[in-house]
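# Coordinates in review
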Amino acid sequence: MSNILVFLHSNYLLHNAGVEKVVLEQQQIFNDYGIDFFAVCPIPRIKTIFGQHVPLPTQEYVIIKNGEELGKYSFSELETYLLGGEWTAIIIHHLRNYNYTNSLFKMIKSLSQKAPMFFYIHDFATICFNHVLMKQGKYCSHNKVGLDFKKCCTCKFYLLAIFQNKFYKKLFQQIQFNKIIFPSEIVYQIWHTVYNQIPTTKCEIIPHQKFSDKQIPNIEHMIDKIKIAYVGYASPEKGWNFWKRMVDELTGFSNYSFYVLGRSTVKIPHVIQQEVSFLRDGNDAMVKALRNNKIDIAVLWSKRPETYSYTFFEAYISGAFIITSVDSGNIAYMVEKMHCGKVFGSENECLKWLKNDSEVQRQLELFFELNNERPDKLIANNKIIEILHEST
């Protein structure tokens, strides 16, 4: 029996975010191939410092086998279990919430000598402690990516970032990963400016999903009003504050109705809110919500570079017109590549466009006329199986 070992930063059976969704889909892929899937997750201990949630040293870890928890382990117990195992391949999805100690480094190095090892770049934690590269609410790396005293010395994360960056530099210098895997071209371009010593032959771009071959007619749009939806969980870095401003400034326009599809504990007047969870409702929960509510415009206003964005692909196959920020990374990249919306340079530019509601309606009518079909569904990308087969 083949065994895959995976490291990630949180329990993917409990949490409802992007990396966890990737790991859950990979478990299903490997299990379908008759491969046992073991995942290691730290049990985080969090303290709030300067208004930010900062992890304290982890004391316990969970091991999950094929979606079932085996139990809790101290680091020494975890090390004994993992080094005593027989692994076909090892995948590091994320090491956030682990203790960046020499003991962790030695364990990973020992494991790399037992089986092929792969490292996923889901965000920028390998570059900075602030894994979304934001400073004072804005993307901080327009001019230069990576730690720099002049740029970073006033950032509250700088000292933590120096310590964490030292660990990752050592990791990529001393461990020969079979592949570094990226979910998009844009994250590869940003990451490789810092880790340019890694040969391009070691880097592989594998989107998390593929489009199904089957095409279906787009849903009927603009039946009554133009339906605008904030898609995803409510977070300032995802554009939540701009969304609230948008609703406030557009409420008087009779052509618009407003929706939140995702997670938010804050109720906004004049907004229809629907909680959406892939853990509860399945991987296609957001696509169904977008289609069932007949959303015309999906607001994906991330204020920092998204390395993939499930919500983009969900909004795309739902047939919605997508509006986003120039700083949104793979969202802006894909909107321009797929010609499926508009990329704005600022909030004011976006609001100016929306306030010309007759012009918005004209552009949407043309868009929906030209885009009358969409892929039926998204399928988890199983290319990782091919990559592992080539390495074992």
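If you're wondering where the values come from, they're calculated on a predicted model, not measured in any experiment.

A few words now on the overall build of the protein. On a plain count of helices and strands, the protein comes out with 14 helices and 22 strands. A compact globule built from 392 residues would reach a C-alpha radius of gyration of about 21 Å, and the protein, at 22 Å, matches this within 12%. If one aligns the C-alpha atoms of the protein with their principal axes, the spans along those axes are about 65 × 50 × 40 Å. A total of 392 residues make up the protein; the buried ones form 54% of that total.

Let's shift gears to the packing of aromatic side chains. Inspection of every chain in the model, using the stated rule, returns 37 aromatic pairs. Between Tyr-100 and Phe-167, the aromatic rings sit 5.0 Å apart at their centres with planes inclined by 50 degrees, giving tilted as the arrangement. Note that Tyr-100 is positioned in the loop between strand 7 (89-92) and helix 3 (102-112) and Phe-167 in helix 5 (residues 158-174), a separation of 67 residues in sequence. The class for Phe-167 is buried, based on a relative accessible area of 7%. Aromatic pair Phe-182 and Tyr-188: ring centres 5.2 Å apart, planes at 75 degrees, arrangement edge-to-face. Pair check on accessibility: Phe-182 and Tyr-188 agree, each one buried. Each residue in the set Tyr-100, Phe-119, Phe-167, Tyr-168, Phe-172, Phe-177, Phe-182, Tyr-188, Trp-191 and Tyr-195 is aromatic and connected to the rest through ring pairs, giving one cluster. We note Lys-169 situated over the ring of Tyr-195; from NZ or CZ to the ring centre the distance is 4.8 Å. Just above the ring of Tyr-316 sits the side chain of Arg-374; from NZ or CZ to the centre is 4.2 Å.

What follows covers the pattern of salt bridges. As a working rule, side chains carrying opposite charge can pair if their charged atoms are close by. Throughout the structure, instances matching the rule amount to 12 salt bridges. A salt bridge links Lys-21 to Glu-314; its shortest N-O distance comes to 2.9 Å. Here Glu-314 lies in helix 10 (residues 310-318) and Lys-21 lies in helix 1 (residues 18-32), a separation of 293 residues in the sequence. For the pair shown, Lys-21 and Glu-314 are each scored as buried. As a salt-bridge pair, Glu-204 and Lys-383 come within 3.2 Å of each other at their nearest N and O atoms. On the criterion of sequence distance, the pair formed by Glu-204 in strand 12 (residues 203-205) and Lys-383 in helix 14 (residues 383-391) is long-range, its members being 179 residues apart. Among the residues examined, Glu-204 registers a relative accessible area of 16% and is labelled buried. Put simply, Glu-237, Lys-238, Arg-304 and Glu-306 are held in one network by salt bridges that share partners.

Counting residues in hydrophobic clusters, the biggest one holds 56 residues, and the most contacted among them are Ile-228, Trp-243, Met-246, Phe-312, Ile-322, Ile-323 and Leu-354. Apart from the residues lying within four places of it in its own chain, the contact partners of Met-246 are Ile-228, Val-299, Ile-323, Cys-350, Leu-351 and Leu-354.

Another aspect to go through is the sheet that holds strand 17 (residues 271-275). Across the sheet, six strands lie side by side as 17-16-15-18-19-20; this open sheet has parallel pairing. One side of each edge strand has no neighbouring strand; the edge strands of this open sheet are strand 17 and strand 20 (341-344). With direction set aside, neighbouring strand axes in the sheet form an average angle of 20 degrees. Looking at chain direction, strand 15 (residues 226-233) and strand 16 (residues 256-263) are connected through eight bridges and run parallel. By the bridge assignment for strand 16, Gly-232 is matched with Gly-262. Packing of helix 7 (residues 240-250) onto the sheet brings it into contact with strand 15, strand 16, strand 17, strand 18 (297-300) and strand 19 (321-325), and relative to strand 16 it is tilted by some 160 degrees. Most of the contacts of helix 10 go to strand 18, to which it runs at about 175 degrees, and overall it touches strand 15, strand 18 and strand 19.

The end-to-end C-alpha separation of helix 5 is 24 Å, in line with the 24 Å expected for 17 residues at 1.5 Å each. Of the residues making up helix 5, those classed as buried are Tyr-158, Ala-161, Gln-164, Asn-165, Phe-167, Tyr-168, Leu-171 and Phe-172. The inward-facing, buried residues of helix 5 abut helix 3, strand 8 (117-120), helix 4 (149-152), strand 11 (179-182) and helix 6 (185-194).

Here we take up the packing of helix 7 against helix 12 (residues 347-355). At a minimum axis separation of 11 Å, helix 7 and helix 12 run at an interaxial angle of 30 degrees. At the point where helix 7 passes helix 12, the crossing takes the right-handed sense. For the pair helix 7 and helix 12, the contacting residues are Phe-242, Arg-245, Met-246, Glu-249 and Leu-250 in the first and Glu-347, Asn-348, Cys-350, Leu-351, Leu-354 and Lys-355 in the second. Its residues assigned to classes, the contact of helix 7 with helix 12 shows six nonpolar, one polar and four charged.

What counts, and where the lines are drawn
- Residues numbered from 1 in each chain as written.
- Predicted model: local features only at pLDDT ≥ 70, side-chain atom pairs only at ≥ 80, totals over all residues.
- Heavy atoms only, no water.
- Helix = DSSP H or I, 4+ residues; strand = E, 2+ residues; numbered from the N terminus.
- Rg over C-alpha atoms; globule rule 2.2 N^0.38 Å.
- Buried < 20%, exposed > 50% of the residue type's maximum accessible area, 1.4 Å probe, protein only.
- Phe/Tyr/Trp six-rings, centres within 6.5 Å; stacked < 30°, edge-to-face > 60°.
- Lys NZ or Arg CZ within 6 Å of the ring centre and 35° of its normal.
- Salt bridge = Lys/Arg side-chain N within 4 Å of Asp/Glu carboxyl O.
- Core = buried A, V, L, I, M, F, W, Y, C linked by side-chain atoms within 4.5 Å.
- Contact = heavy atoms within 4.5 Å.
- Pairing = 2+ DSSP bridges.
- Axes fitted to C-alpha atoms, helices over the stretch in contact; angles between N-to-C directions.
- Expected span 1.5 Å × (residues − 1).
- Left-handed = near helix turned anticlockwise from the far one by under 90°.
- Nonpolar A, V, L, I, M, F, W, Y, C, P; charged D, E, K, R; others polar.

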